[in-house]
Amino acid sequence: MLDTICLPIIQAVIDSQKDLVVIFHQQNHIATNKAFNKFFDVRTFEEYNNNFGPIVDNFVPHPSYFHKEKLQEGENWFDAIGKLEEIDRIVSILTQTYEPCAFSVKIDSSVQDYKIVTFVDITRDLVKRIMIENNINIDKKSGAYDKKYFLQIGKNFEEAAVFNEKMIGMNLVTVDEEANPDFSHDDNALREFVKKFKSSIRQDDMLVRWGPSKFLLVYLIDSEQNAGQVAIKLQNLLKGMSGLNSTLSSVLQQKGENISALIKRVHA
């Protein structure tokens, strides 16, 4: 076990970390940091052990993330998750108010018989991880996401909404082609439009070029009231774009509604 002199120093170091940290000796927890204890609403790792047991038992059995049911017989979870690609080493854990959080897992095994496991909260970055930007995914003329790409990852967006217990909001902006005949052919105008639009939305929101003069904004939201505020903000943004005539339609996901149905409704 760790030297009794070293342990207070190690405890001070891990307590300074904002991420959740657990130190294991073989398969047993021997130390947790303040962030970990706060997440589980306990005072010490002994209290955590008594109330919650092995950490692997607290991974939510979500099909998209690592959990106990994915272990082979006799396999420990350290080895199993270590076999995955780094981007796939993600677990879901419920807070004490039953809110799901997503964590990227990092395991340091540099000291024999010991493992330092760090759980990095990536809940807010989950959609961003799903939709990694690259040249294939971006409409080259406008800088918005490509329509085909969005249709490919639409199911993932639905899963992210379920995982985060949110609803999907959609706003369709249609630029009047008669009043603005050059808009869809002017790369500078398209890029300037997208630039202004992106400056008024969150980093995780997804702006898709849906047609020559159409743009679809897709985002996660927690209430109808907040979705309404987004629509008002966008209306004010569009009004401020001098010389550009456009219309805005907005819809909010209903219970059980998938991406396809939502797209059909926003175009109605």
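Note: the structure precedes this text.
Rules of the game
Residues numbered from 1 in each chain as written. Predicted model: local features only at pLDDT ≥ 70, side-chain atom pairs only at ≥ 80, totals over all residues. Heavy atoms only, no water. Helix = DSSP H or I, 4+ residues; strand = E, 2+ residues; numbered from the N terminus. Buried < 20%, exposed > 50% of the residue type's maximum accessible area, 1.4 Å probe, protein only. Contact = heavy atoms within 4.5 Å. Areas by Shrake-Rupley, 256 points an atom, 1.4 Å probe, with all protein chains shown as cover. Lys, Arg positive; Asp, Glu negative; His and termini not counted. Charge placed at Lys NZ, Arg CZ, Asp CG, Glu CD. 1 Å grid on protein atoms, 1.4 Å probe; cavity = no way out; pocket = protein on both sides within 12 Å on 5 of 7 lines; lining within 4 Å. Points joined across faces, edges and corners; volume = space filled by probe spheres on them. Nonpolar A, V, L, I, M, F, W, Y, C, P; charged D, E, K, R; others polar. Expected span 1.5 Å × (residues − 1). Arc of directions from axis to C-beta. Polar contact = N/O pair within 3.5 Å; in protein donor to acceptor, adjacent residues only side chain to side chain. Salt bridge = Lys/Arg side-chain N within 4 Å of Asp/Glu carboxyl O. Phe/Tyr/Trp six-rings, centres within 6.5 Å; stacked < 30°, edge-to-face > 60°. Lys NZ or Arg CZ within 6 Å of the ring centre and 35° of its normal.

A. Summary view of the overall build of the chain. Helix and strand content of the chain: nine helices and 10 strands. In terms of principal-axis extent, the alpha carbons of the chain reach across some 75 × 35 × 35 Å. Residue burial in the chain is summarised as follows: out of 268 residues, 44% are buried. Counting only contacts in the chain whose residues sit at least 6 apart along the sequence, the fraction spanning at least 24 positions is 56%. With an accessible surface of roughly 15,400 Å², the chain has 49% of that area assigned to carbon and sulfur atoms. In the chain, the 31 positive side-chain charges and the 37 negative ones have mean positions that sit 5 Å from each other.

B. Highlighting the layout of surface pockets. The computed volume of the largest pocket comes to approximately 410 Å³. Every residue lining the largest pocket is counted, 18 residues in all, and those nearest its centre are Arg124, Lys166, Arg202, Asp204 and Leu220. Here the lining of the largest pocket takes three residues from strand 9 (residues 214–221), the largest share from any one element. Classifying every residue of the lining of the largest pocket by side-chain character gives six nonpolar, four polar and eight charged.

C. Layout of the environment of Pro100. By the secondary structure assignment, Pro100 is in strand 4 (residues 100–108). With relative accessibility at 15%, the residue Pro100 sits in the buried group. A sequence separation of 38 residues divides Pro100 from His62, and the C-alpha atoms of the two residues are 10 Å apart. Excluding residues that lie within four positions of it along the chain, Pro100 makes contacts with Ser92, Ile93, Leu94, Thr123, Phe163 and Glu165.

D. Highlighting helix 7 (residues 187–198). When the terminal C-alpha atoms of helix 7 are compared, their 16 Å separation across 12 residues agrees well with the 16 Å that a helix rising 1.5 Å per residue should span. Residues of helix 7 that are buried: Leu190, Phe193, Val194 and Phe197. Looking straight down helix 7, one finds its buried side chains confined to an arc of 95°; they lie on one side. Along helix 7, the residues that are exposed and aim more than 90 degrees away from the buried face are Asn188 and Lys195. The distance from a side-chain oxygen at the start of helix 7 to the backbone nitrogen of Asn188 is 3.0 Å, and the residue carrying that oxygen is Asp186.

E. Spatial organisation of the pattern of salt bridges. Tallied over the full model, the rule gives nine salt bridges. Between Glu158 and Lys155 there is a salt bridge whose closest N-O contact spans 3.6 Å. Taken as a pair, Glu158 and Lys155 lie in helix 6 (residues 147–163) at a separation of three residues, close to a single helical turn. Assessed through its relative accessible area of 16%, Glu158 is described here as buried. Here Glu257 ties to Arg265 by a salt bridge, and the two come within 2.8 Å at their closest N and O atoms.

F. Focus on the packing of aromatic side chains. Enumeration over the complete set of coordinates arrives at 21 aromatic pairs. Judged by centre distance (6.5 Å) and plane angle (20°), the ring pair of Trp77 and Phe119 falls under stacked. In this pair, Trp77 sits in helix 4 (residues 77–82) while Phe119 sits in strand 5 (residues 114–121), placing the two residues 42 residues apart along the sequence. For the pair formed by Trp77 and Phe119, the shared burial category is buried. Aromatic side chains Phe183 and Phe193 sit 5.7 Å apart centroid to centroid with 85° between the ring planes, which places their arrangement in the edge-to-face category. Residue Phe183 is located in the loop between strand 7 (167–175) and helix 7, and its partner Phe193 is located in helix 7; the two are separated by 10 residues in the primary sequence. Exposure class is identical for Phe183 and Phe193. Each is buried. The structure contains a cluster of three or more aromatic residues connected by ring pairs, namely Phe24, Phe36, Phe39, Phe40, Tyr48, Phe52, Phe59, Phe66, Trp77, Phe78, Phe103 and Phe119. If you follow Lys115 out to its NZ or CZ, it ends over the ring of Phe78, 5.2 Å from the centre.

It is worth stressing that arrangement in space is one thing and function is another; only the former is reported here.
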